[in-house]
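The primary structure of each chain is shown beneath.
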6 protein chains.
Amino acid sequence: MTQTLDAWRITEQPAYQASNDEIAYYTAAYGARLPVMLKGPTGCGKTRFVEHMAWKLRRPLVTVSCHEDMTASDLVGRYLLGPEGTHWQDGPLTLAVRFGGICYLDEVVEARQDTTVIIHALTDDRRILPLEKKGELLTAHPDFQLVISYNPGYQSVLKDLKESTKQRFCAMDFGYPDPAVEGSIVAAQAGISDGLARKLVQIAGKSRNLRGHGLNEGASTRMLIHAGRLVAEGLTLRQACSLAVVTPITDDPDMRAALDAAVDACA
Amino acid sequence: MTQTLDAWRITEQPAYQASNDEIAYYTAAYGARLPVMLKGPTGCGKTRFVEHMAWKLRRPLVTVSCHEDMTASDLVGRYLLGPEGTHWQDGPLTLAVRFGGICYLDEVVEARQDTTVIIHALTDDRRILPLEKKGELLTAHPDFQLVISYNPGYQSVLKDLKESTKQRFCAMDFGYPDPAVEGSIVAAQAGISDGLARKLVQIAGKSRNLRGHGLNEGASTRMLIHAGRLVAEGLTLRQACSLAVVTPITDDPDMRAALDAAVDACA
Amino acid sequence: MTQTLDAWRITEQPAYQASNDEIAYYTAAYGARLPVMLKGPTGCGKTRFVEHMAWKLRRPLVTVSCHEDMTASDLVGRYLLGPEGTHWQDGPLTLAVRFGGICYLDEVVEARQDTTVIIHALTDDRRILPLEKKGELLTAHPDFQLVISYNPGYQSVLKDLKESTKQRFCAMDFGYPDPAVEGSIVAAQAGISDGLARKLVQIAGKSRNLRGHGLNEGASTRMLIHAGRLVAEGLTLRQACSLAVVTPITDDPDMRAALDAAVDACA
Amino acid sequence: MTQTLDAWRITEQPAYQASNDEIAYYTAAYGARLPVMLKGPTGCGKTRFVEHMAWKLRRPLVTVSCHEDMTASDLVGRYLLGPEGTHWQDGPLTLAVRFGGICYLDEVVEARQDTTVIIHALTDDRRILPLEKKGELLTAHPDFQLVISYNPGYQSVLKDLKESTKQRFCAMDFGYPDPAVEGSIVAAQAGISDGLARKLVQIAGKSRNLRGHGLNEGASTRMLIHAGRLVAEGLTLRQACSLAVVTPITDDPDMRAALDAAVDACA
Amino acid sequence: MTQTLDAWRITEQPAYQASNDEIAYYTAAYGARLPVMLKGPTGCGKTRFVEHMAWKLRRPLVTVSCHEDMTASDLVGRYLLGPEGTHWQDGPLTLAVRFGGICYLDEVVEARQDTTVIIHALTDDRRILPLEKKGELLTAHPDFQLVISYNPGYQSVLKDLKESTKQRFCAMDFGYPDPAVEGSIVAAQAGISDGLARKLVQIAGKSRNLRGHGLNEGASTRMLIHAGRLVAEGLTLRQACSLAVVTPITDDPDMRAALDAAVDACA
Amino acid sequence: MTQTLDAWRITEQPAYQASNDEIAYYTAAYGARLPVMLKGPTGCGKTRFVEHMAWKLRRPLVTVSCHEDMTASDLVGRYLLGPEGTHWQDGPLTLAVRFGGICYLDEVVEARQDTTVIIHALTDDRRILPLEKKGELLTAHPDFQLVISYNPGYQSVLKDLKESTKQRFCAMDFGYPDPAVEGSIVAAQAGISDGLARKLVQIAGKSRNLRGHGLNEGASTRMLIHAGRLVAEGLTLRQACSLAVVTPITDDPDMRAALDAAVDACA
């Protein structure tokens with residue numbers, strides 16, 4: 001089975017509306033082929049931004065959600081046993097390195113430490129990926145770039161990037177978009193009116209003010225799109241917000257009352 | 001061996017009596033193909049609700065009880081060694097994704113963290129399931145939906161869904177049904193008279209008032225059905241409640257006395 | 001190799017003398033095919049009771065002593081590599097489910113958590129056993145029943161059955177039999193006179209009064225049978241009690257003196 | 001490869017001198033085929049006693065030193081991959097069960113908990129050994145007996161035999177032999193004069209008085225035999241005691257001085 | 001597949017500017033074939049120094065970034081299963097030992113302890129590498145040398161080199177280069193003017209003064225080169241420093257303000 | 001592939017200068033084939049002593065540096081998969097047992113506990129090595145001897161030899177050699193003048209006085225030899241001591257100053 005990156009090529013333009021200079025920053029970093037770290041809360045659009053940049057730069061994008069049982073082999077590849085003995089199968093990162101894609105390791109800090117050997121060799125002058133089990137020293141394709149995401153607020157001291165890893169990356173901060181931008185994103189992606197989208201953004205704003213005062217995190221743009229779609233399926237705004245925003249975000253009765261009131265005020 | 005979802009198709013209508021708008025909520029979420037999280041105590045009917053909705057929507061239902069040794073491979077599939085080398089075998093989740101079923105991950109928070117990579121890719125715009133060991137990027141069947149259950153009262157800080165996972169789901173609260181509804185459920189499923197079922201529901205009500213005052217959890221609807229069936233097998237109500245409700249629920253002498261008194265008062 | 005339950009069929013009537021209504025209770029639970037949990041201290045006859053009931057109900061009995069390294073695969077089965085590739089081998093639980101036996105999981109709380117997936121699917125309406133590695137969804141034989149034992153005094157908070165598991169079982173309490181019953185059990189099984197058996201039961205009674213006052217547990221019926229057999233081999237009562245009761249049960253000099261005095265008082 | 005117990009048969013009479021009734025006790029327990037637990041400090045002769053009894057009863061003896069990485073498979077056996085696929089290989093315990101030997105599990109409490117399943121099934125009425133991976137339910141040979149050793153002083157609360165395990169065994173206490181007995185053991189086994197052996201036993205006695213006053217354990221009979229052999233190789237008594245007793249037993253300067261003085265007083 | 005060290009040969013002279021006598025020191029250590037440990041903070045040029053020395057001494061250089069999941073097998077090699085059974089594949093360290101390269105184990109203290117067996121046998125008179133799984137005792141090529149890096153400030157007590165390992169190495173301290181040297185390094189490697197490079201070095205100096213006063217680590221030379229490249233891609237100095245220095249190094253608002261001020265002062 | 005001990009035979013006399021009666025002690029212990037434990041700090045010559053004795057006694061010497069990931073299989077051997085199925089490969093210890101070598105387990109306390117089973121069976125009367133996976137009970141060659149090293153100062157309570165293991169060994173203390181002996185060792189092995197060697201020994205003496213006053217360990221004889229070789233490569237004494245003694249041994253500025261002063265005083 002020949003492996004390629006075709007399945008990871010983005011064929012339709014992902015909707016993205018820029019908030020600041022992030023496109024210029026990323027374009028420069030990609031131009032210098034420097035690795036990039038995206039910092040920011042969940043659901044604020046980091047993944048969509050990378051998709052947008054990959055589409056704009058016409059590069060395939062390999063996205064991997066990292067987790068605490070993930071090892072370097074999950075990224076690099078492994079030998080599989082077939083009818084004619086073992087054959088090597090490239091992992092998602094190796095495919096990107098070999099064929100010139102952007103590899104996006106989402107929440108890389110969750111992965112096990114043996115990813116360090118990979119990240120270091122790919123992010124200094126060498127730009128190599130040692131496939132140790134295969135005995136191959138793969139030099140990265142000139143178009144390859146490594147991108148990782150990182151949520152500074154979540155990490156404990158025990159589970160953090162090593163200083164010697166952090167210093168290899170360019171870093172960009174992400175937050176929620178401006179209300180006007182967020183409203184037009186929600187309207188476009190949920191297929192709802194601008195007016196309804198604005199109401200949802202208002203509700204989100206109130207939830208975000210509660211962050212640190214009883215909520216771990218405010219409502220994300222993704223949640224607003226979910227609520228919009230549920231209205232399009234026939235629920236009322238209050239029903240949709242209950243299902244897609246309030247009930248998922250907290251089990252605390254006081255917080256629920258505060259969020260319900262915020263919904264009522266906007267409905 | 002060809003794998004299909006036929007074994008998971010529900011052929012008889014599961015008895016279910018709605019308490020609130022849960023059917024409308026779920027129907028809208030399924031209509032938008034949004035992932036759903038069911039919150040609530042054990043034995044209150046979450047599983048039966050999903051069975052009912054799967055039957056109503058004419059979709060196969062793949063139910064998986066999660067546990068702390070469960071890994072992503074248990075859900076996604078693995079290579080098995082056969083006479084002609086290895087062949088791939090889809091796991092239960094992959095079957096649902098490939099053939100368009102509803103996959104219900106019961107108490108997903110118990111599973112190991114590598115399920116995160118799966119849940120994330122299936123619950124955002126991509127709706128893909130990366131079968132990394134197989135080198136396949138499986139796009140979900142249009143009918144596929146992911147449902148998880150979650151008991152907020154049980155989780156410790158150490159073992160909880162990540163905020164970035166929670167925000168991907170619509171959420172619905174579940175509790176015990178109203179007494180009249182619960183009585184008719186018990187009568188129907190245990191094959192006993194309405195009068196006897198009402199007595200059992202009264203007993204359950206008293207046990208649920210003891211929650212947090214010596215009991216971890218009150219008697220579930222399931223326990224009432226068990227007690228009803230034991231009466232149908234010839235035990236007295238007191239014997240049946242001892243066997244199916246009181247002895248399982250607590251070893252504390254005071255609690256047992258309180259529960260026995262509740263049974264006597266209703267017998 | 002064809003697998004059957006023949007080796008687990010009980011061909012001779014196991015001696016058992018009932019203390020209360022336990023036979024009626026169990027018969028009703030088996031009649032409704034409800035899962036049963038037996039609670040009580042070690043060596044009080046839980047295993048023998050299940051053997052008796054299996055003999056009485058003419059069902060094969062598969063007993064598994066659980067331990068903290070036991071996984072679901074140990075119960076369900078696994079693929080083994082043979083000359084013609086792999087073949088599936090049913091585990092002890094699967095044999096009982098497939099061919100209609102009673103499966104007794106002794107001290108199930110010791111096993112690893114992945115047994116949860118099994119217990120849940122077998123103890124609700126579905127009565128199925130998902131053989132995930134084999135891709136088979138096995139519906140339980142109509143005669144199958146699941147029985148577990150559980151010692152409430154031993155479990156720590158960290159290692160306990162989940163509430164959602166407990167509530168699926170009917171439960172019965174067990175204790176040591178009444179002196180007369182215990183005496184005739186000991187006489188019959190050790191092949192000794194009733195008088196000697198009575199002395200042994202007296203000694204046991206004194207040891208059980210020391211429980212919580214220096215002893216973790218009093219002498220079990222099993223220990224009395226051991227002591228009786230040693231007398232039948234030619235030891236004196238004092239020698240036999242030293243070997244089979246006192247030395248095993250404690251290393252504390254005061255406790256040993258108290259137990260020795262109890263033996264002397266009865267000899 | 002056919003497996004037998006021939007290699008474990010004891011062909012020469014092991015020197016053993018009884019201190020109390022231990023031979024009568026053990027003979028009765030073996031007569032009733034009851035499992036036996038030997039309690040006592042290291043190097044006091046428990047292993048040699050079992051060897052002696054095995055020789056006397058003309059049974060092969062399989063000795064296994066347990067450790068914290070030992071699993072049930074190490075005792076029971078496993079499948080090995082050979083040119084014609086897998087074949088089963090009996091572990092040491094299974095050999096004893098199948099062919100009728102005595103199996104001595106030295107310091108069994110060190111082994112992992114999955115040995116419990118084995119011990120329980122072999123030590124109650126069933127006397128069976130479930131070879132779960134092989135799908136075989138092996139009934140013990142009539143001559144089979146299980147013996148374990150246990151050092152009560154060493155075990156922590158976390159690592160102890162379960163009460164439900166302990167109560168299955170007859171138990172016997174062991175200590176150092178009387179001086180006269182120990183002297184003749186040392187003389188015989190080291191090949192030295194009775195006078196020299198008596199001096200070594202005196203030295204050991206002084207070291208045993210220091211137990212709990214700076215030493216974890218006094219000098220064992222084994223150490224005296226070692227010292228005797230070194231004198232036979234040409235060292236002085238002081239050199240031999242330094243090498244075989246004092247330096248191994250402690251690094252504390254005061255304890256060393258005390259032990260050296262004890263040696264000088266006897267030399 | 002024949003394995004060689006050709007891929008690890010450095011064909012172009014790596015830019016390196018010496019700060020002290022490090023070249024003389026290293027040359028002497030290599031002359032005596034003594035193992036070397038490089039101590040110092042991340043990104044100060046240790047890797048580049050080894051590359052320079054390998055080029056100067058015309059030896060292939062095998063660099064391995066160690067991590068906490070790394071085992072001796074990852075370094076030494078393993079058997080792989082192919083169509084004709086297993087074949088041995090040398091790991092990166094074995095290649096260096098066999099063919100006479102320099103092996104650089106970056107942050108070796110992160111690796112698992114089984115690397116100790118390797119390091120000890122290679123760093124004393126024996127200069128051997130036991131390939132235990134292969135049953136080969138490989139004597140090191142006369143040109144082989146082992147180099148490790150070690151950051152004293154990072155290691156906890158639990159994770160440190162054993163004293164018996166440390167004492168086998170010659171050790172050299174590394175720090176950031178002098179400003180003039182660092183400026184010319186940055187100018188050369190980023191392809192920017194000397195003036196701009198000097199500004200970047202000034203900014204780095206200020207960040208290094210904040211080490212221990214809110215920053216874990218100051219800006220490394222590598223970061224300055226990144227910033228320089230981004231200016232070459234068209235960003236302003238402030239934009240480039242934000243992306244390559246300030247945002248990666250800290251999330252603390254006060255530290256960011258201090259660093260931004262340092263950038264502004266130099267821009 | 002036939003395995004032998006030829007590669008482990010010492011063909012050239014290792015330089016060794018005795019400090020006390022250690023050669024007589026060891027010769028007696030080997031004569032009685034008693035196992036030996038060498039106690040003492042790192043780098044004081046324990047390994048070289050064993051090499052010397054192996055050469056003197058004309059026995060092959062198998063040295064294994066133990067570590068915390070080492071299991072019994074690493075010592076005993078394992079099955080490897082080849083073109084004709086599996087074949088057994090003796091581990092280093094098994095080779096010594098089978099062919100009559102001395103096996104030296106350096107820092108055995110680091111290895112995992114399953115080595116206990118090996119050590120016990122090899123160090124009592126049985127002198128057997130159970131190759132459990134192979135089903136072989138290997139009786140030790142008459143020339144076989146087991147030697148272990150042990151550094152009492154390093155071990156924590158959690159990681160220590162069991163008392164029942166310690167008591168099986170003869171033990172010998174090691175320390176640094178007398179200055180005159182050490183000087184001639186250093187001169188011989190580094191190829192330097194006696195005068196220079198004497199200076200190095202003086203420096204080492206001062207560092208050893210700092211042990212426990214800021215240093216974990218003083219400079220070992222090995223370090224002095226390293227320094228001597230670096231002078232032979234052209235470095236000054238101060239440069240050589242910085243590289244081979246001071247920088248490796250400590251990162252504390254005060255300790256470095258004290259050591260530098262000691263070097264200057266002797267230079």
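Under an unreviewed UniProt entry, chain A has the name Nitric oxide reductase NorQ protein and belongs to Salipiger aestuarii. Reading the Sequence similarities (unreviewed entry) entry of the UniProt record for chain A gives the comment "Belongs to the CbbQ/NirQ/NorQ/GpvN family."

(A) Geometry of the pairing of strand 8 (residues 145-150) of chain E. All names here are of chain E. Counted residue by residue, strand 8 has six buried out of six residues, so it is predominantly covered. Side chains of strand 8 alternate between two faces, with Q145, V147 and S149 and L146, I148 and Y150 buried alike. Both strand 1 (residues 36-39) and strand 8 contribute to a ladder of four bridges, which runs parallel. Opposite L38, over in strand 8, you have S149 as the bridge partner. The sheet contact formed by strand 5 (residues 102-106) and strand 8 spans four bridges and is parallel. In the sheet register, Y104 faces strand 8, and the bridge partner there is V147.

(B) Looking closely at the sheet that holds strand 5 (residues 102-106) of chain F. All names here are of chain F. Spatially, five strands are ordered 2-5-8-1-9 in an open sheet, and the strand pairing comes out parallel. If you trace the sheet from one side to the other, it starts and ends with strand 2 (61-65) and strand 9 (170-173), each paired once. For this sheet, the mean angle separating the axes of adjacent strands, direction not counted, is 20 degrees.

(C) Spotlight on the arrangement of the chains. Spatially, chain A and chain D are disjoint, and the shortest separation between their C-alpha atoms is 16 Å. Chain D makes no contact with chain E; the smallest distance between any of their C-alpha atoms is 11 Å.

(D) Structural detail: the pattern of salt bridges. In total, this model carries 78 salt bridges over all chains according to the counting rule given. A salt bridge links R98 of chain B to E136 of chain B, with the shortest nitrogen-to-oxygen separation between them at 3.2 Å. Residue R98 of chain B is located in helix 4 (residues 92-99), and its partner E136 of chain B is located in strand 7 (residues 136-139); the two are separated by 38 residues in the primary sequence. Linking K39 of chain F and D251 of chain D is a salt bridge whose minimum nitrogen-to-oxygen distance equals 2.6 Å. Remark: D251 of chain D occurs in the loop between helix 10 (237-249) and helix 11 (253-266) and K39 of chain F occurs in strand 1 (residues 36-39); the pair is interchain, linking two chains.

(E) Up close: the interface of chain E and chain A. Taken together, the contacts link 47 residues of chain E with 41 residues of chain A. On inspection of chain E and its partner chain A, the count reaches three salt bridges. At the surface where chain E touches chain A, the tally comes to nine residue pairs in polar contact (both at pLDDT 80 or more). When residues of the side of chain E that touches chain A are traced back to their parent elements, those giving at least two are helix 2 (46-56), strand 2 (61-65), strand 3 (77-82), helix 9 (221-232) and helix 10 (237-249) of chain E. When grouped by side-chain class, the residues that make up the side of chain E that touches chain A number 18 nonpolar, 15 polar and 14 charged.

(F) Seen up close, the sheet that holds strand 2 (residues 61-65) of chain C. Residues and elements named next belong to chain C. Across the sheet, five strands lie side by side as 2-5-8-1-9; this open sheet has parallel pairing. Two strands bound the open sheet, and with one partner strand each, they are strand 2 and strand 9 (170-173). Between one strand axis and the next, the sheet turns through 20 degrees on average, direction left out of account. Together, strand 1 (36-39), strand 2, strand 5 (102-106), strand 8 (145-150) and strand 9 form the strand contacts of helix 2 (residues 46-56), whose direction differs from that of strand 5 by roughly 180 degrees.

(G) Fine view of the pairing of strand 2 (residues 61-65) of chain A. A large share of strand 2 of chain A lies buried, amounting to five of its five residues. Residue alternation in strand 2 of chain A divides its side chains into two sets, L61, T63 and S65 of chain A and V62 and V64 of chain A, and both sets are buried.

(H) Geometry of the UniProt feature "domain: CbbQ/NirQ/NorQ C-terminal" (unreviewed entry) in chain A. UniProt's feature table lists "domain: CbbQ/NirQ/NorQ C-terminal" (unreviewed entry) at residues 182-265 of chain A, given in the numbering used throughout. Secondary structure across residues 182-265 of chain A divides into 75% helix and 0% strand, with the first and last C-alpha atoms of the span separated by 20 Å.

(I) A look at helix 2 (residues 46-56) of chain F. All names here are of chain F. Among the 11 residues of helix 2, nine are classified as buried, and the element is accordingly described as predominantly covered. Burial in helix 2 covers these residues: K46, T47, R48, F49, V50, E51, H52, M53 and A54. Positive backbone phi, approximately 55 degrees, marks R58, located one or two places after helix 2.

(J) Fine view of the relation of the copies chain E and chain A. Rotating chain E by 60 degrees about the axis while translating it 0.0 Å along that axis superimposes it on chain A, leaving an RMSD of 0.0 Å. Given the turn and translation reported, the copies of this chain are related as if by a six-fold rotation axis. The fraction of interface residues of chain E whose copies in chain A are also interface residues is only 2%, indicating that the copies meet through different surfaces.

(K) Quick look at the relation of the copies chain A and chain B. At an RMSD of 0.0 Å, chain A and chain B line up after a rotation of 60 degrees and a shift of 0.0 Å along the axis. Different-surface contact between copies: only 2% of interface residues of chain A are shared with the interface of chain B.

(L) Representation of the interface of chain A and chain B. Contact with chain A, which involves 47 residues of that partner, is made by 41 residues of chain B. Of the roughly 3,700 Å² buried where chain A meets chain B, counting both sides, 53% is carbon and sulfur surface. In this structure, D125 of chain B and R48 of chain A form a salt bridge, with 2.0 Å as the shortest nitrogen-oxygen distance. Linking chain A with chain B are eight residue pairs in polar contact (both at pLDDT 80 or more).

(M) Looking closely at the confidence of the model for chain A. Mean pLDDT over chain A stands at 87; residues scoring 70 or higher make up 94%. For this predicted complex, the interface confidence comes out at an ipTM of 0.84, alongside a pTM of 0.73.

(N) How the structure looks around the packing of helix 9 (residues 221-232) of chain A against helix 10 (residues 237-249) of chain A. Residues and elements named next belong to chain A. Taken N-terminus to C-terminus, the directions of helix 9 and helix 10 make an angle of 150 degrees; their axes are 8 Å apart at the nearest point. In terms of their interaxial angle, helix 9 and helix 10 are classed as roughly antiparallel. Like other packed secondary-structure pairs, helix 9 and helix 10 cross with a definite hand, here right-handed. Residue-level inspection shows M223, H226, A227, L230 and V231 of helix 9 in contact with helix 10, the latter providing L237, A240, L243, A244, V245, P248 and I249. Here the residues of the contact of helix 9 with helix 10 sort into 11 nonpolar, one polar and no charged.

What counts as what
Residues numbered from 1 in each chain as written. Chains lettered and ligands numbered in written order. Predicted model: local features only at pLDDT ≥ 70, side-chain atom pairs only at ≥ 80, totals over all residues. Heavy atoms only, no water. UniProt positions renumbered as here; feature names shortened; annotations may be inferred. Buried < 20%, exposed > 50% of the residue type's maximum accessible area, 1.4 Å probe, protein only. Helix = DSSP H or I, 4+ residues; strand = E, 2+ residues; numbered from the N terminus. Pairing = 2+ DSSP bridges. Axes fitted to C-alpha atoms, helices over the stretch in contact; angles between N-to-C directions. Contact = heavy atoms within 4.5 Å. Salt bridge = Lys/Arg side-chain N within 4 Å of Asp/Glu carboxyl O. Polar contact = N/O pair within 3.5 Å; in protein donor to acceptor, adjacent residues only side chain to side chain. Nonpolar A, V, L, I, M, F, W, Y, C, P; charged D, E, K, R; others polar. Least-squares fit on C-alpha atoms with pLDDT ≥ 70 in both. Buried area = accessible area lost by both parts, 1.4 Å probe. pLDDT = per-residue confidence, 0-100. Parallel < 35°, antiparallel > 145°, perpendicular 65-115°, else oblique. Left-handed = near helix turned anticlockwise from the far one by under 90°.

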